[in-house]
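Coordinate analysis (summary)
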Amino acid sequence: PAVPHNVVIESAANGPDAIAEMRRWVQGVIAVTAKGSKTMRAEAASAALEGGNCFLPGIRAADGSGYDERTSADVQRFVEEAAKFPNGLNDDEVDQWSQAVNWSRGRRVARARTGIPVGRA
């Protein structure tokens, strides 16, 4: 069965072009306007993470020293980026995550998934 979904794209930089192209092929594309700085958006979303309302598919190493070998490199990279935010070299995935969390607040969203388009990483 089809599952309703939304593709949330920030309407800045190349966003309008991506939105126009995606709408030709995918239903549910929504343009969002970023409000505040990346840091402000991440702080607004952090309560959802700290409250256990965000799930990352991974496993902590048994000794607590890092990640179990079954945790994907993508998840490990995201966690490391989030740990260094806002002082790390990269912050795009943290910003993407916070945009999705903040957008979904107050909406009936069964689950959300973020990702980087193929060829961008």
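Residues numbered from 1 in each chain as written. Predicted model: local features only at pLDDT ≥ 70, side-chain atom pairs only at ≥ 80, totals over all residues. Heavy atoms only, no water.

Quick look at the overall build of the chain
The secondary structure content of the chain amounts to four helices and two strands. Moving toward the C terminus, one meets the helices and strands of the chain in the order β-α-β-α-α-α. Classification of the 121 residues of the chain by burial places 21% in the buried group. Taking as baseline every contact in the chain between residues at least 6 positions apart, the subset at least 24 positions apart corresponds to 36%. Surface summary for the chain: the accessible area is close to 9,300 Å², and the carbon and sulfur share equals 52%. (Helix = DSSP H or I, 4+ residues; strand = E, 2+ residues; numbered from the N terminus. Buried < 20%, exposed > 50% of the residue type's maximum accessible area, 1.4 Å probe, protein only. Contact = heavy atoms within 4.5 Å. Areas by Shrake-Rupley, 256 points an atom, 1.4 Å probe, with all protein chains shown as cover.)

What to know about the pattern of salt bridges
With the rule as written, the count across this model stands at six salt bridges. Through salt bridges with shared partners, one network takes in K38, D91 and D92. (Salt bridge = Lys/Arg side-chain N within 4 Å of Asp/Glu carboxyl O.)

Describing the pairing of strand β1 (residues 7-10)
Here β1 runs beside strand β2 (residues 29-32); their pairing, made up of four bridges, is parallel. Following the sheet pairing, V8 is matched in β2 by I30. One crossover worth recording links β1 to the parallel β2 by way of helix α1 (residues 15-25), and it is right-handed. (Pairing = 2+ DSSP bridges. Right-handed = clockwise from strand over helix to strand, strands pointing away.)

The values are spatial; any link to function lies outside them.
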